[in-house]
Amino acid sequence: MTKENVLKYITKGMRYDGRKMTDYRPVTVTYGVSHAAEGSARVKIGETEVIAGVKLAMETPYPDTPAQGNLMVNAELTPLSSPQFESGPPSVQGVELARVIDRAIRESKAIDLTKLCIKEGEKVWSVAVDIVTVNDAGNLMDAGALAAIAALKNAVYPTLKDDGSVDYNKKTDKKVPLQQTPIEVTVIKIGDQLIVDPLPEEEEALDSRLTIAFNDKDMLCAMQKGGETPLSVEEISAMVDLAMEKSKELRKKL
Amino acid sequence: MAAKAVKQEYPKRQDGRDWEEMRPIEGKVGIIPRADGSAMFRIGHTVAYAAVYGPRDLFPKFMQNPETGILRCRYNMMPFSGHGERVRPGGGRRSQEISMLMNKALLPVLDLKESPNTVVDVFIELPETDAGTRCAAITAASMALADAGLAMKDMVASLSMGHYNGKIMADIDGYEDCDVGISDIPVAYIPSLDKFSLLQLDGEVPKEDLIKLLNLAKKKAMEIYKVQQQALKAKFFAEDHQHKKVKQ
């Protein structure tokens, strides 16, 4: 029923909350929202709220990358944030969200992982980015990606003691080295309309979905298609154009 | 669990507070629009978000109680919210125990007989922590339950008391708990019953001091209780006011 209604309005060029097809709701980024984390940020897109935090740890590198630090991106779609999310192991939706955001950060080489190496083959910094949903009012993907990169921008190293252990109570003023700020935009297609920043009702009614990440130079650095309807080259081209334009708006919010 | 640190000299509190003084507190309700009721409670650098969903259908069915609805609390720290290393998601024994204690602390003020076979879910997430997290969680949960419009006899106000070298103190922080090794006594107080629904002790306390400490806890809990009430008033009187305006 809702799906039919959404489709009916969208084909007339109308949305539930009166927005234009290509408008985001108001976007705000707040830095340093958790003093315990090495970096953190809260992103609100309309009523959608997501918090991301960065924790650093001293670990041994993976055998195939002995001179590189480790990066891990994890997402928790908490039952606090929506009646549809349950406690327990991560859902497929949560895993996808984390992996798409991970890919944008990794493939854009946002973090110079070689700079996280303390001693080759023995000691490297490991960077864990955790994205936690607080209120799901749609578009968790874009909100989560923005929160993750904002939290990284906010991150500083803790003190490394002489014995090689980490003193988390003493943060340094040295920032985690970022060389790119990837921005993700999700465009969804309902009927023949392209829209951004979907509400939960619009997400349920989508035919296809394309999330695209752009680096500072507008280069595409990660993509993920969702939804059950396939896309033509023309459709993909239009979605990328729209996403690129929107990524510039989102980048200004950082 | 690690035993308390060896007691060190602690002539005055590291943040300059009086022994009986709490850190700054703040409360807000309705922070999570998707939920049926929600609240935020902050005490110093400890922040608890609470969301209430329900009464709603309870599955699996064998968990249902035909005589009453049940309360189900789930306490969780965000992975980056702890001092020190990342907290692995998924929870462990500690969060299981705290979730159970929250249930016991909140049940005395609830009456879920009107909604048999259902569940009221309370979810807690903490974005930052500096000790006293179970207490902040109970305080926030209580506000969120009221925000959800559930029938309640009263609210529950909770804080962590401390005891150190014969001194009684209110609201110990992470440094005092872990580094100084002050005895930690989390309590939850129900004003209208004049009773406690949470009481734990982690450390040593002589009996006379425990009684003194509980009497002080009542006074301090009333300060929290005021903040809880003000937060609810701020939301519902504002709505009421708007409603009247529309009517006119």
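Preceding this paragraph is the structure being described.
Residues numbered from 1 in each chain as written. Chains lettered and ligands numbered in written order. Predicted model: local features only at pLDDT ≥ 70, side-chain atom pairs only at ≥ 80, totals over all residues.

(A) Representation of the overall build of chain A. Per the secondary structure count, chain A includes 5 helices and 12 strands. Scaling as 2.2 N^0.38, a compact globule of 254 residues should have a C-alpha radius of gyration of about 18 Å, and chain A matches this with 19 Å. With 254 residues in all, chain A has 45% of them scored as buried. Pairs at least 24 apart in sequence give 68% of the contacts found in chain A among residues at least 6 apart. (Helix = DSSP H or I, 4+ residues; strand = E, 2+ residues; numbered from the N terminus. Rg over C-alpha atoms; globule rule 2.2 N^0.38 Å. Buried ≥ 20, exposed ≤ 12 C-beta atoms within 10 Å, placed from the backbone. Contact = placed C-beta atoms within 7 Å.)

(B) Quick peek at the interface of chain B and chain A. Facing 23 residues of chain B, the contacting portion of chain A comprises 30 residues. Those elements that provide at least two residues to the side of chain B that touches chain A are strand E3 (46-57) and strand E5 (118-128) of chain B. Tallying contributions element by element places E5 of chain B first for the side of chain B that touches chain A, with 4 residues.

(C) How the structure looks around the packing of helix H1 (residues 93-106) of chain B against helix H2 (residues 133-147) of chain B. All names here are of chain B. Contact geometry of H1 with H2 gives a least axis separation of 10 Å together with a crossing angle of 50°. The orientation of H1 relative to H2 falls into the category oblique. Seen from above, H1 lies across H2 with right-handed handedness. For the pair formed by H1 and H2, the contact residues are Ile-98, Leu-101, Met-102, Ala-105 and Leu-106 on the first element and Arg-134, Ala-137, Ile-138, Ala-141, Ser-142 and Leu-145 on the second. Considered class by class, the residues forming the contact of H1 with H2 number 9 nonpolar, 1 polar and 1 charged. (Axes fitted to C-alpha atoms, helices over the stretch in contact; angles between N-to-C directions. Parallel < 35°, antiparallel > 145°, perpendicular 65-115°, else oblique. Left-handed = near helix turned anticlockwise from the far one by under 90°. Nonpolar A, V, L, I, M, F, W, Y, C, P; charged D, E, K, R; others polar.)

(D) Quick peek at the sheet that holds E5 of chain B. Residues and elements named next belong to chain B. Here 5 strands make up an open sheet; going across it, the order is E1-E2-E3-E5-E4 and the pairing mixed. Pairing within the sheet leaves two strands with one partner each, and these edge strands are strand E1 (25-29) and strand E4 (70-77). Here the average twist between neighbouring strands, direction ignored, is 15°. In terms of strand pairing, E3 meets E5 through 8 bridges, oriented antiparallel. (Pairing = 2+ DSSP bridges.)

(E) Structural view of unusual backbone geometry. Here the amide bond leading from Gly-54 of chain B into Pro-55 of chain B is cis, since omega sits at 5°, within 30 degrees of zero. Here Pro-55 of chain B lies in strand E3. With an omega dihedral of -5°, the bond running from Phe-59 of chain B to Pro-60 of chain B counts as a cis peptide bond. The topology assignment puts Pro-60 of chain B in the loop between E3 and E4. Positive phi outside glycine occurs at Lys-109 of chain A, with the angle close to 55°. As for its position among the elements, Lys-109 of chain A is in the loop between helix H2 (92-107) and strand E5 (117-119). Residue Lys-109 of chain A is classed as partly exposed on the basis of its 14 C-beta neighbours within 10 Å. Phi at Ala-131 of chain B is positive, roughly 70°, even though this residue is not glycine. Relative to the assigned elements, Ala-131 of chain B resides in the loop between E5 and H2.

(F) Highlighting the pairing of strand E2 (residues 37-43) of chain B. All names here are of chain B. Summarising burial for E2: 7 of the 7 residues are buried, a large majority. Residues Gly-37, Ala-39, Phe-41 and Ile-43 of E2 are buried on one face, and the alternating residues Ser-38, Met-40 and Arg-42, pointing to the opposite face, are buried as well. Bridge count between E1 and E2: 5 bridges; the pairing is antiparallel. Looking at E2, one finds that Lys-28 is bridged to Met-40. For E2 and E3, the ladder comprises 7 bridges, and the chain directions are antiparallel. Counterpart to Ala-39 in the pairing with E3 is Ala-50. Here E2 folds back onto E3 in antiparallel fashion, the turn holding 2 residues, of which Gly-44 has a positive phi close to 60°.

(G) Broad picture of the packing of H2 of chain A against helix H3 (residues 140-153) of chain A. Residue and element names in this part refer to chain A. Where H2 contacts H3, the two axes come as close as 10 Å, and the packing angle between them is 45°. Put simply, H2 runs oblique to H3. At the point where H2 passes H3, the crossing takes the right-handed sense. Each of Leu-97, Val-100, Ile-101, Ala-104 and Ile-105 in H2 lies in contact with H3, whose residues at this interface are Leu-140, Met-141, Gly-144, Ala-145, Ala-148 and Ile-149. Tallied by class, residues from the contact of H2 with H3 come to 10 nonpolar, 1 polar and no charged.

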